There are 2 protein chains.
Amino acid sequence: MSTPNVTEQLADWIVNLKPADISAEVRAEGLRTFVNWLGCAVGGADHPSAGHAISAIGPFCGPKTAQVIGRADRLDQLHASLLNGITSHVLDYDDTHLKTIIHPAGPVASALVPLAETRGIPGDKLLTAMIIGVEVECRIGNAVYPDHYDRGWHITGTAGVFGAAAAVGYAIGLNRTQMQWALSLAATQASGLREMFGTMTKSFHPGRAAQNGAFAAHMAEAGFDSALTGIEGRRGFANILSDKQDYDEILEGLGTRWEAALNSYKPYACGIVIHPTIDGCQQLREELGPQKIEQIDAVELTTHPLVLELTGKTSPRTGLEGKFSVYHSAACALLRGDGAPTAFTDEVVNLPAVVALRGKVKATPDPACHEASVTIRLQMKDGSTVEKHVERAIGSRERPLSNAQLEEKFLTQSALVIGQAASEKLLEMAWTLDKISDLGVLTAASIPESDTAEA
Amino acid sequence: MSTPNVTEQLADWIVNLKPADISAEVRAEGLRTFVNWLGCAVGGADHPSAGHAISAIGPFCGPKTAQVIGRADRLDQLHASLLNGITSHVLDYDDTHLKTIIHPAGPVASALVPLAETRGIPGDKLLTAMIIGVEVECRIGNAVYPDHYDRGWHITGTAGVFGAAAAVGYAIGLNRTQMQWALSLAATQASGLREMFGTMTKSFHPGRAAQNGAFAAHMAEAGFDSALTGIEGRRGFANILSDKQDYDEILEGLGTRWEAALNSYKPYACGIVIHPTIDGCQQLREELGPQKIEQIDAVELTTHPLVLELTGKTSPRTGLEGKFSVYHSAACALLRGDGAPTAFTDEVVNLPAVVALRGKVKATPDPACHEASVTIRLQMKDGSTVEKHVERAIGSRERPLSNAQLEEKFLTQSALVIGQAASEKLLEMAWTLDKISDLGVLTAASIPESDTAEA
């Protein structure tokens, strides 16, 4: 069977898509994706990684046409994309396309908002472009998942760069050939290794995907040519970065079956595979009460094997490492009921009570266990046991966050960084994205209250 | 056998290296590498790809602290690195580390010269840093070649980013941990697909490697942390981008056995695998005289199989495609004695006489044939045959270009872009790199005569 001309067909679909081709339902999920992304970008904006990156960028920064979300800093469009990508991912609190574990909004929205502010692109067009970008990256991810991820690629970076290129390319009006170049320029920049997990460089991946994907589109716009077959070519993305290539996942049902409608939003600020455990431990704390938690002698988890592969750190020392420890997460949810960013600070990870309970947690991988499930068994000091089975964790497609829960998540993290009043105003504005003509008004509303007062 | 701590040992070697640790012989080869790179960067400076890239960069360009080699344009340091990397490679006329087909100077020197101009780093330190960068990228290339290249990676991009990170990191004085971060930030950006060959995006690879490697070093300098094991980690560069990992190639004989001393310089402006064919065809033209060339009925080449895999285009339509056609290259060398950039223009590729002779060229792959060898058999119209065997092509390690030949190569390509007088002055200056305290003087000397007159 000959290989279909994937890059060309995909480019053709992107450049010819009309806003009316997207149903109200898909558009509504897109708006939830945007709101969740914005809250996460504000929530991560004061992370030290952002400060280090901005300091490194200083000597190379171009015209400061774009606000860094959640900070007083302005940067050039591409560097603002990098920063937004870093901050929206750094708390591991963002969205997830569950079929591929791609965090879709990071690379795409992070590229689009600075572009929209710089070039005066209105919110309704931004939303359309974002949905296209998310669709493209998730479909390309589907084509190579799980082989590509198992090999060691951080798929949010590698697939994300296509999403950013498609979204920015659509927003600036590339023609089909230019879009093929942009997708191929994205293909040849696809990168990001899972070795970086647990360091600031993990968040660098969606940031760089946003920046590089946008640059790919701008280079194509300027006439810098590239391959026409960057995705499916013999030496293209799918063949080199994966041993699995299922091009039907990219081409079939384009415009009718929407991956962008399957996005989910993390209720907890850590890797998605730990979520069933935190969900179950929170429920146990709720049901037993705090006093009973002190009587726990041992905690036994039965989980999907990926949980231990990705989050098997037994003795985390920093907040960031805590996100990769199912042991810490279980202890913290039982002791404090917490799975928010506040559960993953250096301080909490080193609290004696947390460390002590963490030492009592054991985890057993079971391939028969679904990724969104867990069984938790508490061995109490009096010899009794309590068991909790979570069939599907909160935040999964079967138990999605409601808009109200999304708002609570937004405000909880955002208020810590820019204050409660500014957060409420920003959230309200985010829901009206479709009506915003000047994105600069929205990004300006994300500046911390203290900084606006000073300015 | 446990995996050695490659990233740490390599970082340790880099940050502790003293200029005196590099022998005069290695240093002299480094200077030849620099001179060759500079000539190529000037030679490619007026290629359309450079104009497109500069136009795309415009809206994002930071403080213009660095000259684009061979042009009147100034850009910020990182974008100048990108441009120099593109132009020094776009004519396929640059240097080659023959064991890996890496073109070493592109990613490394392209990053260093704008850095040196921006931060006031003198020429002798630049030369030391360049030799370190070349050494690092070639050793990392050796560790994964040929598997990595065969899989489809453009190794000049993927290994080059390490070279740029190492060189810039050395020049700005990173400590060991920061250098590990820089190498890991490079690892996670390693990219570049062979699918892009024959388009402008091929040259984008060394450019982006220069820019991204330098950025990796600056991020590490600013405290943005990363993995400590980006090269050898389970999910690191070598394991993910290659099925072969020979870490001895990276660590053994560091500082005593120098890959940087094995660099070679292309006598012809195209892929190195065609060089034996051009060399032999030029010799045949020389020996037979132009009249006899008109009597050729058929040209039969017996070559290494890689020649046809990489340069098997039978009907190139553009100059760039001509570089990937052993058929065009043979015809052009026989008819015009030419293998310089002038042989690979759109015009020459479409000359009726060239097209006609090209149609008479046949090539047969023979695994027993060395990569630097070829056998050429001319079938004449009178029934006679002439045979030429090239055991090692000019430009190979066994038949290196002399300094005089390097100078001729430099002047031939440079004069076309910036004029003869400016080229002669620039070349003279390049040989004194070790004595130059302000690199801005050298880069200013690379501006085309017409532009300096206007300024």
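All chains use their own residue numbering, which begins from 1 and follows the written sequence. Here chains are named by letter from A upward and ligands by number from 1 upward, in the order in which they appear as written. Since the coordinates come from a predicted model, pLDDT governs what is reported: local features require at least 70, and pairs of side-chain atoms require 80 or more to be given and counted, while whole-chain, interface and lining totals use all residues.

(A) Layout of the overall build of chain A. Of regular secondary structure, chain A possesses 24 helices and eight strands. Computation of the radius of gyration draws on C-alpha atoms, with the globule rule given as 2.2 Å multiplied by the number of residues to the power 0.38. Relative to its length of 455 residues, chain A is compact, with a C-alpha radius of gyration of 22 Å against a globular reference of 23 Å. In terms of overall dimensions, chain A has a C-alpha envelope of 75 × 65 × 40 Å along the principal axes. Within chain A, buried positions represent 60% of all 455 residues. A pair of residues counts as a contact when their C-beta atoms, built from backbone coordinates, are within 7 Å of each other. Contacts in chain A between residues far apart in sequence, at least 24 positions, make up 79% of those at least 6 positions apart. Note on conventions: DSSP H or I runs of at least 4 residues are helices, E runs of at least 2 residues are strands, and numbering of each starts at the N terminus. Counting other C-beta atoms within 10 Å of a residue's C-beta gives its exposure: the residue is buried at 20 or more, exposed at 12 or fewer, and partly exposed in between, where C-beta atoms are placed from the backbone.

(B) Structural detail: helix 14 (residues 275–288) of chain A. Residues and elements named next belong to chain A. Its 14 residues give helix 14 an end-to-end C-alpha distance of 20 Å, which sits within 8% of 20 Å, the value for a rise of 1.5 Å per residue. For helix 14, the complete set of buried residues consists of H275, P276, T277, I278, D279, G280, C281, Q282 and L284. Considering only its buried residues, helix 14 is in contact with strand 5 (296–303), helix 18 (326–336), strand 7 (374–380) and strand 8 (385–390). Immediately downstream of helix 14, the backbone of G289 shows phi near 85°, a positive value. A helix is expected to span 1.5 Å multiplied by its residue count minus one.

(C) Inspection of the environment of D246 of chain B at higher detail. Topologically, D246 of chain B is positioned in the loop between helix 12 (237–241) and helix 13 (248–251). Each C-alpha atom, one on D246 of chain B and one on V299 of chain B, is 41 Å from the other, the two residues being 53 residues apart in sequence.

(D) Local environment of helix 1 (residues 6–16) of chain A. Residue and element names in this part refer to chain A. If you check which residues of helix 1 are buried, you get V6, T7, L10, A11, W13 and I14. Projected down its long axis, helix 1 shows its buried positions confined to an angular sector of 160°, all on one face. The elements touched by buried residues of helix 1 are helix 6 (123–144), helix 9 (160–172), helix 10 (176–187) and helix 13 (248–251). What the arc measures is the spread of directions leading from the helix axis to the C-beta atoms.

(E) Molecular detail of the pairing of strand 7 (residues 374–380) of chain B. Residues and elements named next belong to chain B. Strand pairing requires that DSSP identify at least two bridges connecting the strands. When strand 5 (residues 296–303) meets strand 7, the two strands line up antiparallel, connected through six bridges. Across the sheet, I296 pairs through a bridge with M380, a residue of strand 7. Note: strand 7 against strand 8 (residues 385–390), six bridges, orientation antiparallel. Residue pairing for strand 8: R377 is matched across the bridge by E387.

(F) Summary view of the relation of the copies chain B and chain A. Least squares is the method used to superpose the copies, on C-alpha atoms of residues holding a pLDDT of at least 70 in both. Note on the identical chains: chain B maps onto chain A by a rotation of 180° and an axial translation of 0.0 Å, with an RMSD of 0.0 Å. The relationship between the two copies is best expressed as a two-fold rotation axis. Judged by C-alpha distance, G62 of chain B is the residue of chain B that lies nearest the rotation axis, at 1.8 Å. Most of the interface of chain B is mirrored in chain A, where 100% of its interface residues again form contacts.

(G) Fine view of the interface of chain B and chain A. Taken together, the contact between chain B and chain A spans 49 residues of the former and 49 residues of the latter. Secondary-structure elements contributing two or more residues to the side of chain B that touches chain A are helix 3 (48–57), helix 4 (77–90), helix 10 (176–187), helix 11 (201–221) and helix 12 of chain B. Taken together, the residues of the side of chain B that touches chain A break down into 20 nonpolar, 21 polar and eight charged. Only Asp, Glu, Lys and Arg are considered charged in this grouping, and only Ala, Val, Leu, Ile, Met, Phe, Trp, Tyr, Cys and Pro are considered nonpolar; every other residue, Gly among them, is considered polar.

(H) Seen up close, the sheet that holds strand 5 of chain A. All names here are of chain A. Strand order in the open sheet formed by four strands is 6-5-7-8, and the pairing between neighbours is mixed. The strands lining the two open edges of the sheet, one partner per strand, are strand 6 (361–365) and strand 8. The sheet shows a mean angle of 15° between the axes of neighbouring strands, direction not considered. Bridge count for strand 5 against strand 6 is five bridges, and the pairing is parallel. Bridge assignment links L301 to a residue of strand 6, and that residue is A363. Under this scheme, a helix contributes an axis fitted over its contacting stretch, all axes are lines through C-alpha atoms, and angles between N-to-C directions fall in the 0 to 180 degree range. Contacting strand 5 and strand 6, helix 18 runs over the sheet at an angle of about 125° to strand 6.

(I) Looking closely at the confidence of the model for chain A. Residues and elements named next belong to chain A. The share of residues in chain A with pLDDT of 70 or more is 99%, and the mean pLDDT across the chain is 96. Confidence scores here are pLDDT values: one per residue, from the predictor, ranging 0 to 100. Predicted confidence in chain A is weakest over helix 24 (residues 449–454), with a mean pLDDT of 68, and strongest over helix 9, with 99. The ipTM value of the predicted complex is 0.93, and its pTM value is 0.93.

(J) Structural view of the sheet that holds strand 8 of chain B. Residue and element names in this part refer to chain B. Strand order in the open sheet formed by four strands is 6-5-7-8, and the pairing between neighbours is mixed. In this open sheet, the two strands that pair with only one neighbour each are strand 6 (361–365) and strand 8. Averaged over all adjacent pairs, the angle separating strand axes in this sheet is 15°, with direction ignored.

(K) Structural context of the packing of helix 21 (residues 403–418) of chain B against helix 22 (residues 420–431) of chain B. Residues and elements named next belong to chain B. Direction vectors running N to C along helix 21 and helix 22 enclose 135°, while the axes themselves pass 8 Å from each other. Here helix 21 lies oblique to helix 22, going by the angle between them. The interaxial crossing formed by helix 21 with helix 22 has right-handed handedness. Two secondary-structure elements touch here, helix 21 through E407, F410, L411, S414, A415 and I418 and helix 22 through Q420, A422, S423, E424, L426 and L427. Between 65 and 115 degrees an angle is taken as roughly perpendicular, under 35 as roughly parallel, over 145 as roughly antiparallel, and anywhere else as oblique. Two helices cross in a left-handed way if the nearer one is turned anticlockwise from the farther one by less than a right angle. They cross in a right-handed way if the turn is clockwise.

(L) Quick look at the domain arrangement of chain A. Residues and elements named next belong to chain A. Start and end positions for the domains come from either an automated domain assignment or a database one. Domain annotation of chain A identifies domain 1 (6–265) and domain 2 (272–390). A separation of 33 Å is found between the C-alpha centroids of domain 1 and domain 2. With eight residues of domain 1 in contact, the opposing surface of domain 2 contributes six residues. Classifying every residue of the side of domain 1 that touches domain 2 gives four nonpolar, three polar and one charged.

(M) Spatial organisation of unusual backbone geometry. Residues and elements named next belong to chain A. A cis amide bond links Y145 with the next residue in sequence, P146, at an omega value of 5°. Mapped onto the elements, P146 comes out in the loop between helix 6 and helix 7 (147–151). Even without a glycine there, the phi angle at D92 is positive, about 50°. Turning to its location among the elements, D92 is positioned in the loop between helix 4 (77–89) and strand 3 (95–97).

(N) Representation of the nonpolar core within the structure. Among buried residues, those of type Ala, Val, Leu, Ile, Met, Phe, Trp, Tyr and Cys that are joined through C-beta atoms within 7 Å form a set called a nonpolar core. Ranked by internal contacts, the top residues of the largest apolar core, which has 301 residues, are L112, A165 and A167 of chain A together with L112, A165 and A167 of chain B. Excluding its chain neighbours within four sequence positions, the residues that come into contact with A165 of chain A are A182, L183, L185, A186, G213, A216 and A217 of chain A.

(O) Quick look at the environment of R208 of chain A. Take R208 of chain A: it is sitting in helix 11 (residues 201–221). Take R208 of chain A: there are 28 C-beta atoms within 10 Å of it, and that puts it in the buried class. For the pair R208 of chain A and S329 of chain A, spaced 121 residues apart in sequence, the C-alpha to C-alpha distance is 29 Å. Every residue in contact with R208 of chain A, bar those within four places of it in the chain, is listed here: L82 and G157 of chain A together with Q189 of chain B.

(P) Spotlight on the packing of helix 5 (residues 105–119) of chain A against helix 6 of chain A. All names here are of chain A. Running from N to C, helix 5 and helix 6 point in directions that differ by 150°, and their axes come no closer than 9 Å. With respect to helix 6, the axis of helix 5 lies roughly antiparallel. As for the relative orientation of helix 5 and helix 6, their crossing is right-handed in sense. Between helix 5 and helix 6, the contacting residues are A105, P107, V108, A109, L112 and A116 on the first element and L126, A129, M130, G133, V134 and E137 on the second. Looking at the contact of helix 5 with helix 6 residue by residue, the class counts come to ten nonpolar, one polar and one charged.

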